[in-house]
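Take a look at the letters that make up each chain.
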Amino acid sequence: MTQALIIPRPDDWHLHLRDGAMMAAVLPETARHFARAIIMPNLVPPVVTSGDARAYRDRILAALPEGMRFEPLMTLYLTEDTDPEDLAFAHESGLIRAVKLYPAGATTNSASGVRDFDKVRGVLERMAEIGCVLCVHGEVTQGEVDIFDREAVFIDTVLDPLRRAVPGLKVVMEHITTREGADYARSGGPDLGATITTHHLVINRNHLLVGGIKPHYYCLPVAKREEHRLALRAAATSGDPSFFLGTDSAPHPDRLKEHACGCAGCFTATNTLSILAHVFEEEGALDRLAGFTSQNGPAFYGLPQNTETITLRKGGPVRYPEKIMAGEDPVTVFDPGFPLHWSVDA
Ligand SMILES: NC(=O)N[C@@H](CC(=O)O)C(=O)O
Ligand SMILES: [Zn+2]
Ligand SMILES: [Zn+2]
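Keep in mind it's a predicted model, so treat the numbers as computed, not measured.

Definitions and cut-offs
- Residues numbered from 1 in each chain as written.
- Chains lettered and ligands numbered in written order.
- Predicted model: local features only at pLDDT ≥ 70, side-chain atom pairs only at ≥ 80, totals over all residues.
- UniProt positions renumbered as here; feature names shortened; annotations may be inferred.
- Helix = DSSP H or I, 4+ residues; strand = E, 2+ residues; numbered from the N terminus.
- Contact = placed C-beta atoms within 7 Å.
- Buried ≥ 20, exposed ≤ 12 C-beta atoms within 10 Å, placed from the backbone.
- Pairing = 2+ DSSP bridges.
- Axes fitted to C-alpha atoms, helices over the stretch in contact; angles between N-to-C directions.
- Nonpolar A, V, L, I, M, F, W, Y, C, P; charged D, E, K, R; others polar.
- Near = placed C-beta within 6 Å.
- Core = buried A, V, L, I, M, F, W, Y, C linked by C-beta atoms within 7 Å.
- Expected span 1.5 Å × (residues − 1).

**Things to note about the UniProt feature "domain: Amidohydrolase-related" (unreviewed entry) in the chain**
Listed under "domain: Amidohydrolase-related" (unreviewed entry) in the UniProt record, and renumbered for this structure, are residues 12-311. In residues 12-311, helix accounts for 38% and strand for 13%; the two terminal C-alpha atoms are 17 Å from one another.

Rendered as structure tokens:
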């Protein structure tokens, strides 16, 4: 018996498209299934001004294959020098939907991020006034804080004080990886949301480290203990509108992942929906998949839900490529470690 599930066309509320040949390779992988995505601004150099965002949006649209539709929802990379007037202009004109906060040095291409939070207070207050969402990479960067504790410490020492200092600011905790993250997001009221990635619903830190290091499972925030993975699964499948999908699909060439100092990022765009259907079915929550992938995100961002639908169908094993090519560079597709049976109708 084949089982089918029709859901509104999903959106991805946290996506890395990169630029150039990599963008050309990965953009169709997302546009095939997703209507819109929040596009991360951590290019080198980063997307800082409205001019940068407009030029990047135009490059994305130019790279979109004939016949595919996709709406990039642009973001600005918050720096200590961000001009609040330029930001407000970009937001009011509909060019950007959010601003991204990277603590300096926290993750891939975050060197221009924020060191001194007092320096961005004025910009954050302006954002609260105009209703612009702040997306946050929530990890502290102090060398003395253990990498597995960096998210929980960030919540207590940075995020909570920041939200108290700037009431009314809409914040998305990006790619939460801990029970503490899920609990904080759940208790934060309507101005606080959290994205959860596909891979953090599937892997814990054992998958990364036991039996040999698996560079394609290395991402930031790093996968935590099993109890945290289970807390994320409970949150994602709970139906709570605070939680929505942000795949954080983050492609890197294999030569930089399989390296003595491998880059952080899992490339999941290709098989994300098949994996999510599998996870939600395992949790007995297929009826809540649409909320997570297609409804809670637009509601948080104040955007309409997509009117088109996609059909997921359960059948024989789903085939997907082990790697895709970005120019001459192979990029490994995330391997969930189990066969997938849910496919998306073309
Ligand atoms: N998630 C990751 O491990 N990497 C992201 C950056 C980020 O989202 O932190 C990337 O740009 O590669
Ligand atoms: Zn991040
Ligand atoms: Zn990311």
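**Section: the UniProt feature "modified residue: N6-carboxylysine" (unreviewed entry) in the chain**
Residues annotated in UniProt with the feature "modified residue: N6-carboxylysine" (unreviewed entry) correspond here to Lys100. Contact partners of Lys100, with chain neighbours within four places excluded, come to Met40, Pro41, Thr75, Tyr77, Leu78 and Cys135.

**Brief notes about the environment of Ile130**
Within the element layout of this structure, Ile130 appears in helix H4 (residues 121-130). Take Ile130: there are 11 C-beta atoms within 10 Å of it, and that puts it in the exposed class. Once the C-alpha coordinates of Ile130 and Ala88 are considered, the two residues, 42 residues apart in sequence, prove to be 7.3 Å apart. Ignoring sequence-local partners within four residues, the contact set of Ile130 consists of Ala88, His91 and Glu92.

**Digging into the sheet that holds strand E1 (residues 3-8)**
Strand order in this open sheet of three strands is E1-E10-E13, and the pairing throughout is antiparallel. Bordering the open sheet on either side are E1 and strand E13 (342-344), each of which pairs with just one other strand. Recorded for the sheet is a direction-independent mean angle of 25° between the axes of neighbouring strands. Across the face of the sheet, helix H10 (residues 272-282) comes into contact with E1, strand E10 (309-314) and E13 while running at roughly 140° to E13.

**Topic: the packing of helix H5 (residues 150-165) against helix H6 (residues 179-186)**
The packing of two helices is summarised by the inter-axis angle and the distance between the axes. Where H5 meets H6, the closest approach of the two axes is 8 Å, and the angle between their N-to-C directions is 30°. Contact residues: Glu151, Ala152 and Ile155 in H5; Glu180, Gly181 and Tyr184 in H6. When grouped by side-chain class, the residues that make up the contact of H5 with H6 number three nonpolar, one polar and two charged.

**Considering the site of ligand 1**
Every residue lining ligand 1 is accounted for by His16, Asn42, Thr107, Thr108, Asn109, His137, Cys219, Leu220, Asp248, Ala250, Ala264 and Gly265. Taken together, the residues of the shell around ligand 1 sort by class into four nonpolar, seven polar and one charged.

**Side note on the pairing of strand E2 (residues 11-15)**
Along E2, five of the five residues are buried, which leaves the element largely enclosed by surrounding structure. By the bridge criterion, three bridges tie E2 to strand E3 (residues 36-39) in an arrangement that is parallel. Within the sheet, the bridge partner assigned to Leu15 lies in E3 and is Ile39.

**Looking at the sheet that holds strand E8 (residues 192-196)**
The parallel open sheet is built from eight strands, whose spatial order is E2-E3-E4-E5-E6-E7-E8-E9. A single partner strand is all that each edge strand has here, and the edge strands are E2 and strand E9 (243-245). For this sheet the average axis-to-axis angle between neighbouring strands, irrespective of direction, equals 30°. Note: E3 against strand E4 (residues 71-77), three bridges, orientation parallel. Across the sheet, Ala37 pairs through a bridge with Pro72, a residue of E4. Strand contacts of helix H2 (residues 50-63): E3, E4 and strand E5 (96-101), with the helix running at about 150° to E4, the strand carrying the most contacts.

**Regarding the nonpolar core**
In terms of nonpolar packing, the biggest core is built from 94 residues, with Ile39, Leu76, Leu134 and Ile196 touching the most fellow members. In terms of residue count, the dominant contributor to this core is H10 (six residues).

**Some remarks on the pairing of E10**
Two strands pair when backbone bridges link them, and E1 and E10 are joined in this way by six bridges, in the antiparallel orientation. Opposite Ile7, over in E10, you have Ile310 as the bridge partner. With three bridges connecting them, E10 and E13 associate as antiparallel partners. Opposite Leu312, over in E13, you have Val344 as the bridge partner.

**Topic: unusual backbone geometry**
At the junction of Val44 and Pro45, the peptide bond is cis and its omega measures out at -5° in the coordinates. On the secondary structure map, Pro45 appears in the loop between E3 and H2. Cis rather than trans, the peptide bond between Leu220 and Pro221 has omega equal to -10°. Structurally, the position occupied by Pro221 is in the loop between helix H7 (205-209) and helix H8 (226-236). In this model, His175 sits at a positive phi of 35°, which is unusual for a non-glycine residue. Taking the number of C-beta atoms within 10 Å as the measure of exposure, His175 has 28 and is therefore buried.

**Some details on helix H11 (residues 289-301)**
Helix length check: H11 (13 residues) gives 18 Å between terminal C-alpha atoms against 18 Å at 1.5 Å per residue, within 8%. Of all 13 residues making up H11, 10 are buried, and the element is well covered by its neighbours. Residues of H11 that are buried include every one of Leu289, Gly291, Phe292, Thr293, Ser294, Gln295, Asn296, Gly297, Phe300 and Tyr301, and no others. Positive backbone phi, approximately 70°, marks Gly302, located one or two places after H11.

**Section: the environment of Cys263**
Position of Cys263 relative to the elements: it lies in the loop between helix H9 (254-257) and H10. When the C-alpha positions of Cys263 and Pro215 are compared, they lie 8.2 Å apart, and in sequence the two are 48 residues distant. Those residues in contact with Cys263 that lie beyond four places of it in its chain are Thr108, His252, Leu256 and Lys257.

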